[in-house]
Each structure stands twice: as structure tokens, then as C-alpha cells.
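# Breakdown of the fold
Chain by chain, the residues run as shown.
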Amino acid sequence: MSATMEPTSDLLGARGPLDQDWRKVINYGLLTALVLMFISLANMPVGLDSRKIIEPLLSMGYISLLWVPAALGYAVTSEKVLEGMVAHKKGARELVAGLIVGLIGGGGLGLLIVLIDNFDLRDPLVNWSPQLLALLTFDEGIGYGVGFWLMAGAALGLFGGAAHVVSATVRKVVAAAILWILAFSVFETVISDISEGIQLEWLADELYYVRGGLSQQGAVGVAVVGILFALFGREHVREAKQSFQSLEGEKRTRANAIMLGSCVVATIVLPMVLGRITNELLANVGLFVLLALGLNIVVGLAGILDLGYVAFFAVGGYTTAILTSSNRGESWPDWMPHTHWFVALIVVVVFAALSGLFIGAPVIRMRGDYLAIVTLGFGEIIRLLFLSDWLGGFTGGAQGVTNIPGVDLGFVEVKGTDPRAIFYLVAVFCAFAIYVSWRLEKSRIGRAWMAIREDESVAEAMGINTVNAKLLAFVVGAVLAAFSGAIFAAKVGSVFPTSFIILVSIVILVVVIVGGMGNIYGVIAGAAVLIGVLGGPKQPGLLAEFSEFKLLIYGALLIWMMLKRPEGLVPNVRRSRELHQEEFLQDAWLKGHVDTDDQDELGDEGGVAPA
Amino acid sequence: MTTAMRHKAAQKTGVDQFLTFLRVVLSFFIITGLVMFVLQQINPDNPIAARINPDATGLTADQFEGLVISGLSQGAMYGLIALGYSMVYGVLGFINFAHGEVFMVGAMTGMIVSNKLDEAGAWESNFLLSLLFIIVVAIVCSTATAVIMERVAYRPLRGAPRLIPLITSIGVSFLIQNISVVLLGPGAKSYPTLPDWLADKRSILFFEIEGTKIMVLVVAAISMAGLWFLVERTKTGKAMRAVAEDKEIASLMGIDVNKTIVTTFAVGGAMAGVAGILWGILFRSVIHTTGFLPGIKAFSAAVVGGIGNLGGAMAGGLSLGSAESLAPLMVLEPWGIGGVSQLKDAVAFLVLIFVLLVRPTGLFGERLSSEDRA
């Protein structure tokens, strides 16, 4: 919405290189400097240095610094072009702005180098270390380091600014090369696993250096393939997608069936070619997909912000644990049987539904934000109860419940030591959850939820029983989370109160929001990207080196998404319309489609006066 | 249609009945617990008390006094944090979830500065002046955090659907916690030892109170008086109250709404900064998650006292603090619940739930504009 037009003499042509919004440029420069200093002091360059991208040229550590001047050098001159506005021509102005931003940023890093060399602030700032200094100066002395970062900052800022100026093709080629190299580096484990699984070890050996990181010839190869794809392949993909979307009736159904079939086949075949670690990762992603699908019903569809969602995960985990484990708390009477996992699952469903009702009923009438805090309170209470000595005889207290057997299927026992089997089990439940979410979304109750989300009083006036609908959302969400808890218990073989901290709720919330509230594909994509790549609250992801920083990244991501793209990466169409109603109205108004009575709907922020 | 409506009515009363049931059960639980506690105090051998929990030992007068005082001093701290929640909720109508982190920033700053002062020797030799200094520094840092937070995260979201700023504030809270982890390290860090003369017990009226707790109560009282003066007696305060009542009308009256909202965040941040130092004095240890539980409890305190009501926030803090320190022994133990001290945090949440069930507008009534009352 920052689309204010700057008062310039020539609105449409290229502006002179010094015709800058100086204040903005300086601010962005200082921001760059600040971010660079923060990242350095947060230990990212040192902590991530062991993760190589291209051996021996580039590591994640340096990437964590390099992207900043480029991104902000690009952002400083990007403008949002709304309907009814004409974009400026780009030229030297953008380059100069980017250069200055980068220069100031590099200067900030130079300043940090000088400061580290001269002062010792190691007492509060734990990463104020010689290692950081060595990394930033390349062991070549202070002058070299300062000079390097000034130059590098300027160059990267210029690079960012240049992205505005160069032709679309060049931009596409460069972006493709960078993205492909990064992607191949991030998915290194998966790709070498797959190539090993399909007898193509030589490919992985060619691509990757022995101890991790792309080899130089591998990087060049990947970049070339990426560029070729961007130039020639992408069009074909887009055409195929369009022709798929334009299919109708019988053909569409058949195409959908084929897509679904190939997804199923991929889910079955992929784990077979993957190794242990990658399968473990997939199983974790699956558990979180299940949780996120449940929360998606509560938050995404019904619009109830449940922060104590982990409580239901805990109920599922503990119920399974207590019913199946041979080492449960000693206060249980002897006659209580040790059941099979599937029998326990039935009890889990009942208990989860009851706890959904019990937690849901008191909070259902509260306003949205009170509800959030109270559910958070319930989540904490349940954890504290499991932890307490009072119920320790039943739940094991801080020692938790151990010796939980796997799921005995007759021909095979699914347990944590076999992540592939766990993944298949999770996948079955995910498929069930996806089916349930999909059917519910299209059903009467799904439409009722969406109506409640958009406006509760209107929904009530339309004859929807809001209390029942909201309770049902709670119960469905609870049951899905409890499934995940039951599988989690069988997978890990033990449950402890520390597995069910509030952090889990928040991480699931981030997954749902980043993926796209209310959209099943979005939620799955969110879980795969966040949990798979960065890792869950306690589970490592593909970028295991990031574990120190993942929560920081989650927090930043949550804020950024809320500010810039509240509908998520893969948005739900209806939800995104709700959130951007003002902009839609504004565009429509500028086009002249809305009569002027609706002007007050535009809100005070959208006040771009028509020229 | 009629059957559907009847069905609906029946369902509604179903939930209502359940709520009434919950209210009754909770009230019964609390009152009976209290009665049994009193019976036990009168005579530990009397048949009713002995039957329910024969192990309960009851409290001596000294223990009781100690619990009340520690409850009140923690409650004063909660009250100071609660002011920030209450004011922001009054003005913007959303829960600033990250306010607990503003408090944590205050406690962290105090830790860093007081350790530096301790190294320089000033902490021992000139304690009161050092204390004043760390309070000022903590206020500055907390205020800056709160103001930056408002500028970066909340201002662009004015007028967004209600839950959006709340979710953003969860992100802010998460971010600040983890910034603290990556910059200052994940471990718990401690304040320097307090001088001996401070820790000594002194008798005031009927109470024997530790010096630290007197200090906490005094600092809290001074801050509260300052805030009361600011809000009720100055022009800035008048503007804040006007904006809380109705933003549009206030801006028509020539009040700069943006500036007033920033002031609100700043004042709330300052109070949280003071509370951070009080935390440091009381517990002498701070970690990145320090802000989370006190933050939630302070919000509960704000709700207990009636959100938007500043006196209520302070009173809510004091009552929540005392409830949290007394209820485990006075309500839970007579029921035969073991290991009650572990359930302290659960008690705070139960108080919140109970108040919202029984009297959602808080003990002293909420003061919100009509649009936020929803």
C-alpha cells in the first residue's frame, strides 16, 4: 500500500540518477547495515559456515550475509503499481540507489569489524568472537576485510538495483541459476539419496563434493540446466498447466484421477528409494501435515485461533502411551489391559473428541483474542497436569511414559526404528485427513465455518448455529491432532511432557499461516517447506545447521507473512479476497466499477488520490 | 423450520447448561476447598478435614504471612505488566502478545547493566543509585522495544481483521525471544547478589517483610502513582483516554491519534521495563523465556481487573499474585492434591478461565470503546 507517487516533474520517463528519495535510500542503507550486523552477531556466518553450497567457494554462512544488500538494493526502488498508475521507466536512478544502499550496508559490516577488533563486548554478546572477525576479514587483516565488505556491499547493492534495469530474460536467467543452485544445495541429501536408490551414484558423485556442497562442475551443470529450463522448459509447463485447467467434464475428471494416482504412486515409491534419514524427515513432515490439517480446520476454515492446539496432540500421545505401554504409571489398576495400538486409537478418538468438547465449550462464546489466550492456558494446564506429581502415578510425571510398542500389523511391526514404515502409516492418516478436510470444506458445515470466519453475527443471522459449528470444528481438529499424537507415541516409543510445549502449537500455526490458511495444498506445502527444510520444534530438517536459527526465522516469517501476504504462499481464493478486500475495491474504484457511495469502504490507508 | 429452530434452541441451552455446570463445579471446588482449609486450621483433627486429606498440615501464621507477601510482590509486578496489556487493548482493541517480551527485554537489560556495574564496583558501594540507573536504562530499552514493535509490526495492520494483529504479535514475541537467544546465548543469566542489608527482614505494621519485597512494592507503588498522574492529570493522558474511547472523534478533536498510540505503547513499555527490574530483584535470574509466563499471567491480571481499567489492572495483578501463591495450599491441598507447588502456573490460568466464565468483564468492569466490546 506504499504506493505514494513522488512529486517529480516527469512521472513517466526515467528519472535522473541523483533524483532520489534520499531519505528512503539512507534509511534502507542503515537498515541493511543493521541487518548485516545483527546476522553477524547472531552467529549465522560462523554457525552456517560448515554448510557448503559450492565447495570451496561459497557456504551458507556467507550467503546469510550476501543476500541482504542485494535484496534491499532491489527493494529500495521497487514500487507497487496499482491499477490506474503507470510505472516509471527504470534507469541509472535505480542503480545509484542500490549502490548507495549496498555501500552503507557494507560500511556497517566494516564498522563491526573495526569494533570487534578494538573492543571486547563478549560479556553480553556471546558471538562477539575472534572466529567472527576471522571469518569477516578472511584472515587477511582489518583493512582487507573492511575494504572487501565495502566493495562487496556496493557490488551486491548494484546487482540488486540492476534487477530493475535489465531485460526480463536476463533477470530470468540469473534468477534461475541462483535458485537452482540453492535448491540443489538444500536438497542435497534427498537428491543423493534418490540417485543412490535408482542406481545413479555416479551422478551424485559428479554433482556433490564428498563432504557436502556442490562441486564446481556440478554447480555449473545445475545452473546451465536451470537456465535452459527457465528459457525453454517453463513455457511448456505453463502450457500444460493451462490445457489441464481448461479441460472440462469427463476429461477433467480423468485427468484429476491420473494426477491423484501419480501422487499416490509417488508417495509409495519415493520412500523406497530414499535412505533412513530422509525417510525419518518425511515421517516428521507427515506428522506435522496431520497436525496442520487439523489446525487448518480450526483456524483456516472456522477462524478460531486455537493456541492450545498441542493439548490435543498431547491427549492423543498420552492416551496411546498409557494404553499400550508396559511401563506406564504405577497407579493404574492391574485389570486395565495393555491394548493393541488400533484399540488404543479408538479410545484416542473418543478422548480427543471429549477434550475438544470440554476445552471448546467454555471458550466458544468468548471473543476471538480472549479465546486464543484461554486455549493457550488450557494447553499449558494439560501439560502441567501431565508433569505434576499429583497425576504422576498415572502419567509418569517428568519421566513420562516409556516402552511404548510399535504398531503390530501382523506381518510387520511399525515402529520408530523403521522410519519408512512410520511414513507409510502417517501417509495413510494424512490421506484420510486430506479427504476429510476436502469433503468438509465443500459441505454445508464447511460453508458455515467460512461464514463464521468472515462475520460471526451475520452468519448467526443467516440461521447458522454458530455454537455447534464452532464446537464441531474444535472436535474435528482435536481428533486429527490426536491421531498425530498416537502415531508420534508409537514412533518415538516414549512420551514426555516436554514434547508437548506451547512452542509446538506456535510452530503448527506458523506452518498453517505460511502455507495458506484454509487451503489444503497450502498447508501441506507449508509443512513440507518449513518442517522438511528448517525442521520442527525438536526435529532437525534438511538444513540441520539451521537448528539454532530456525525459531528466529519462524518468528520473522510469521511477521513478514502477516504484513505482506496474510493469505499465505498458496492462498485460498476466498480467504485472500477477504483479506484484500480493500485493494480489490480500490482497483475496481479506479477502474470506475464501484459507485462513489462505497468510497468510505476504502479506508484511510488506501487514500491514493486519483490524478 | 420450526423443528430446526427448536433444535437450535435446545443445542444452545446444552452448551449453556454445560457452562452453568462448570461455573457451579468450579465455585463449589473453590469454596469447599477454602472451608476445609479453615476447618483444618481450626482443628487439624476434626473429622471432615481429616477424612479428605489426612496429610494436610495447614499453615502457620508465619507461613501465611510469607505467602501473602511474596504473592503481593509478584502480583505488583504482574500489575505493572498488566497495565501495558490493558492500555494497548483499550486503545487498539487487540492483545499485544509480545508485551511479555518487552518485560523480558527490561529484565535482560537490567541483568547486563547491573553486572557491568558490579564489575566496576558500583553495585556494592552505591546500591540505590545503581538500582535507579538500571531502572532508567531498562525503561529506555523496553520503551524503545515497544515503540519499534508498534511502528514495524502493528501500525501497518490497523484496520486489518481482528486476528491478524494478534497473530503478528505472536510472531513478534517469538522473534524477540529468539533474538535474545542468538545474541545473548540460550542459558539462564543471573543478576549480581543484592547487598545484605536489603535482604534483611524488617517489621512493618504486623508483618515481617524482607527488604527486597518492600523495595519491590515501593517501586511498583511509585510507578503506579506516576502512571496514574500521567493518565488522569496531564494532557497526554487525556488524549490517551480520548483515543481509547473513540479514535475518530478524538482525531476530529485535534488529537494526533498516531502519536497517542505510540505514547500508549511507550508508557506500557516503560512500566514493563520497571517490572523487568523487579523480576530481577525478586528472582535474580533471567532467561529468554522469562517473558512468556509472566506475560500471560499479566494478561490474565488485566482481564481479572477488567481490561482497559488501569486501577483494575493493578488490583487484578495483586489478586492474581496472591491467588497464585495462596490457592495451591488453601484450595488444592485440602482436596488431597499432591505436589501443589508445581500447579502454581495452572492456578493462574484457572483463575483466568474462572473469571471469564463467571464475570467476563472483570472484577472492576472493563472500559472499552463500543467497537472493541464486541
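Please read these numbers as outputs of a predicted model, since none were measured by experiment.

Another aspect to go through is the overall build of chain A. Scanning chain A from terminus to terminus reveals 25 helices and four strands. Computed over its C-alpha atoms, the radius of gyration of chain A comes to 27 Å, within 12% of the 25 Å expected for a compact globule of 611 residues. Taken along the three principal axes of its C-alpha coordinates, chain A extends 85 × 65 × 55 Å. Across the 611 residues in chain A, those meeting the buried criterion constitute 51%. When contacts within chain A are restricted to residue pairs at least 6 apart in sequence, those whose partners lie at least 24 apart make up 72%. Surface accessibility of chain A: about 27,900 Å² in total, with carbon and sulfur atoms responsible for 65%. Across chain A, 41 positive and 53 negative side-chain charges occur, with their mean positions spaced 5 Å apart.

Turning next to the environment of A:Q399. All names here are of chain A. Mapping Q399 onto the fold places it in the loop between helix 16 (392-395) and strand 3 (407-408). For Q399, a relative accessible area of 60% translates into the label exposed. The sequence separation of Q399 and S494 amounts to 95 residues, and the corresponding C-alpha distance is 9.5 Å.

Moving on: the nonpolar core. The nonpolar side chains of soluble globular proteins are, as a tendency, buried together. The biggest cluster of nonpolar side chains holds 263 residues, and the ones touching the most others in it are A:W341, A:Y370, A:I508, A:L509, A:Y554 and B:L80. The leading source of residues in this core is helix 20 (residues 466-492) of chain A, at 18 residues. Composition of this core by domain shows at least three residues from each of domain 1 (1-166) and domain 2 (265-537 + 544-579) of chain A. With residues near it in sequence (within four places) discarded, A:W341 still touches A:T320, A:T324, A:V407, A:L425, A:F429, A:A486, A:I487 and A:A490. Among the nonpolar cores identified, the runner-up in size contains seven residues, and B:A327, B:V331, B:I337 and B:L343 belong to it.

Before going further, it helps to examine the interface of chain A and chain B. In this complex, chain A contributes 59 residues to the contact, which on the side of chain B involves 65 residues. Across the interface of chain A and chain B, roughly 5,200 Å² is buried in total on both sides, 75% from carbon and sulfur atoms. Contact with chain B buries surface across chain A, with A:R367, A:Y370 and A:I373 losing the most and accounting together for 13% of the total. At the junction of chain A with chain B, the criterion picks out two salt bridges. For the salt bridge of A:D123 with B:K116, the shortest nitrogen-to-oxygen distance reads 3.5 Å. It is helix 15 (residues 368-387) of chain A that contributes the most residues to the side of chain A that touches chain B, 13 residues altogether. Its residues assigned to classes, the side of chain A that touches chain B comprises 41 nonpolar, eight polar and ten charged.

Moving on: the environment of A:R453. Residue and element names in this part refer to chain A. The residue R453 is located in helix 18 (residues 444-454) in this model. Spatially, the C-alpha atoms of R453 and L57 are 51 Å apart, while their sequence positions differ by 396 residues. Excluding anything up to four places from it in sequence, R453 contacts G300, L301, A302, G303, R575 and E578. A distance of 2.5 Å separates the side chain of R453 from the backbone oxygen of G300, its partner in a polar contact.

Its 16 residues give helix 3 (residues 60-75) of chain A an end-to-end C-alpha distance of 22 Å, which sits within 8% of 22 Å, the value for a rise of 1.5 Å per residue. Taken together, the buried positions of helix 3 of chain A are occupied by A:M60, A:G61, A:Y62, A:S64, A:L65, A:V68, A:P69, A:A70, A:L72 and A:G73.

Looking now at the packing of aromatic side chains. Residues and elements named next belong to chain A. Scanning the model with the defined rule gives 30 aromatic pairs over all chains in all. Three or more aromatic residues joined by ring pairs make a cluster, and in this case those are Y62, F138, Y144, F148 and W149. When the ring centre of F244 is taken as reference, the NZ or CZ atom of R252 above it lies at 4.9 Å. Looking at R439, its charged tip hangs above the ring of W438, at a distance of 5.6 Å from the centre.

Before going further, it helps to spend a moment on the pattern of salt bridges. Enumeration over the complete set of coordinates arrives at 15 salt bridges over all chains. Salt-bridge contacts for A:K470 lead to A:E456; the nearest nitrogen and oxygen are separated by 3.0 Å. Placement of the pair is A:K470 in helix 20 and A:E456 in helix 19 (residues 456-461), with a sequence separation of 14 residues. When its relative accessible area of 6% is taken as the criterion, A:K470 is described as buried. In this structure, the salt-bridge partner of B:K297 is B:D345, at a minimum N-O distance of 2.7 Å. Of this pair, B:K297 sits in helix 13 (residues 292-305) while B:D345 is found in helix 15 (residues 344-358), placing the two residues 48 residues apart along the sequence. The pair formed by B:K297 and B:D345 is uniform in burial state, with each residue classed as buried. Within this structure, B:E150, B:R155 and B:R158 form a network of salt bridges that share partners.

This part takes up the confidence of the model for chain A. Interpretation of this model should avoid reading the predicted coordinates in detail wherever pLDDT is low. All names here are of chain A. Mean pLDDT over chain A stands at 85; residues scoring 70 or higher make up 93%. Throughout residues 1-10 the model reports pLDDT below 50, and contacts reaching past four residues in sequence, or to other chains, amount to 19 contacts. For residues 595-611, every residue scores under 50 in pLDDT, and the model assigns this stretch 18 contacts once sequence neighbours within four places are set aside.

Next up on the list: a nonpolar patch on the surface. Residue and element names in this part refer to chain A. A surface patch of nonpolar side chains, amounting to about 430 Å² of accessible area, comprises F159, V165, V166, V170, V174 and I178. Listing elements by their share of the nonpolar patch, those giving two or more residues are helix 6 (142-165) and helix 7 (168-186). Among the elements that line the nonpolar patch, the one with the most residues is helix 7, at three residues. Along the polypeptide, V166 turns up in the loop between helix 6 and helix 7.

Moving on: the packing of helix 21 (residues 502-515) of chain A against helix 23 (residues 550-564) of chain A. What describes two packed helices is the angle between their axes and the distance between those same axes. Residues and elements named next belong to chain A. Running from N to C, helix 21 and helix 23 cross one another at 45°; their axes reach a closest spacing of 10 Å. On the basis of their axis angle, the class for helix 21 and helix 23 is oblique. As helix 21 runs across helix 23, the sense of the crossing is left-handed. Across the interface between the two elements, L503, V507, V510, I513 and V514 from helix 21 touch L551, Y554, L557, L558, M561 and M562 from helix 23.

Attention now goes to the pairing of strand 2 (residues 201-204) of chain B. All names here are of chain B. When strand 2 meets strand 3 (residues 207-210), the two strands line up antiparallel, connected through four bridges. Residue pairing for strand 3: R202 is matched across the bridge by I209. Adjacent in sequence and paired antiparallel, strand 2 and strand 3 are bridged by two residues, among which L205 carries a positive phi angle near 50°.

Let us look at the confidence of the model for chain B. For chain B, the average pLDDT comes to 86, and 91% of its residues sit at 70 or higher. Predicted confidence for residues 1-6 of chain B stays below pLDDT 50, and this span has zero contacts to residues more than four positions away or in other chains.

Residues and elements named next belong to chain A. A positive phi angle, near 55°, is found at F138, a position not held by glycine. Relative to the elements of secondary structure, F138 occurs in the loop between helix 5 (130-137) and helix 6. What makes F138 partly exposed here is its relative accessible area of 28%.

Turning next to a positive patch on the surface. Residue and element names in this part refer to chain A. Together, K442, R444, R447, R574 and R577 make up a positively charged patch on the protein surface. Elements represented by at least two residues in the positive patch include exactly helix 18 and helix 24 (573-579). Here R577 falls in the exposed class, since its relative accessible area comes to 51%.

On the surface, B:D118, B:E119, B:E124, B:D196 and B:D200 cluster together into a negatively charged patch. On the accessibility criterion, B:E119 (60% relative accessible area) is exposed.

Quick notes on the rules
Residues numbered from 1 in each chain as written. Chains lettered and ligands numbered in written order. Predicted model: local features only at pLDDT ≥ 70, side-chain atom pairs only at ≥ 80, totals over all residues. Heavy atoms only, no water. Helix = DSSP H or I, 4+ residues; strand = E, 2+ residues; numbered from the N terminus. Rg over C-alpha atoms; globule rule 2.2 N^0.38 Å. Buried < 20%, exposed > 50% of the residue type's maximum accessible area, 1.4 Å probe, protein only. Contact = heavy atoms within 4.5 Å. Areas by Shrake-Rupley, 256 points an atom, 1.4 Å probe, with all protein chains shown as cover. Lys, Arg positive; Asp, Glu negative; His and termini not counted. Charge placed at Lys NZ, Arg CZ, Asp CG, Glu CD. Core = buried A, V, L, I, M, F, W, Y, C linked by side-chain atoms within 4.5 Å. Domains from an automatic or database assignment. Buried area = accessible area lost by both parts, 1.4 Å probe. Salt bridge = Lys/Arg side-chain N within 4 Å of Asp/Glu carboxyl O. Nonpolar A, V, L, I, M, F, W, Y, C, P; charged D, E, K, R; others polar. Polar contact = N/O pair within 3.5 Å; in protein donor to acceptor, adjacent residues only side chain to side chain. Expected span 1.5 Å × (residues − 1). Phe/Tyr/Trp six-rings, centres within 6.5 Å; stacked < 30°, edge-to-face > 60°. Lys NZ or Arg CZ within 6 Å of the ring centre and 35° of its normal. pLDDT = per-residue confidence, 0-100. Patch = residues over 30% accessible without salt bridge, like charges linked within 9 Å, V, L, I, M, F, W, Y side chains within 5 Å. Axes fitted to C-alpha atoms, helices over the stretch in contact; angles between N-to-C directions. Parallel < 35°, antiparallel > 145°, perpendicular 65-115°, else oblique. Left-handed = near helix turned anticlockwise from the far one by under 90°. Pairing = 2+ DSSP bridges.

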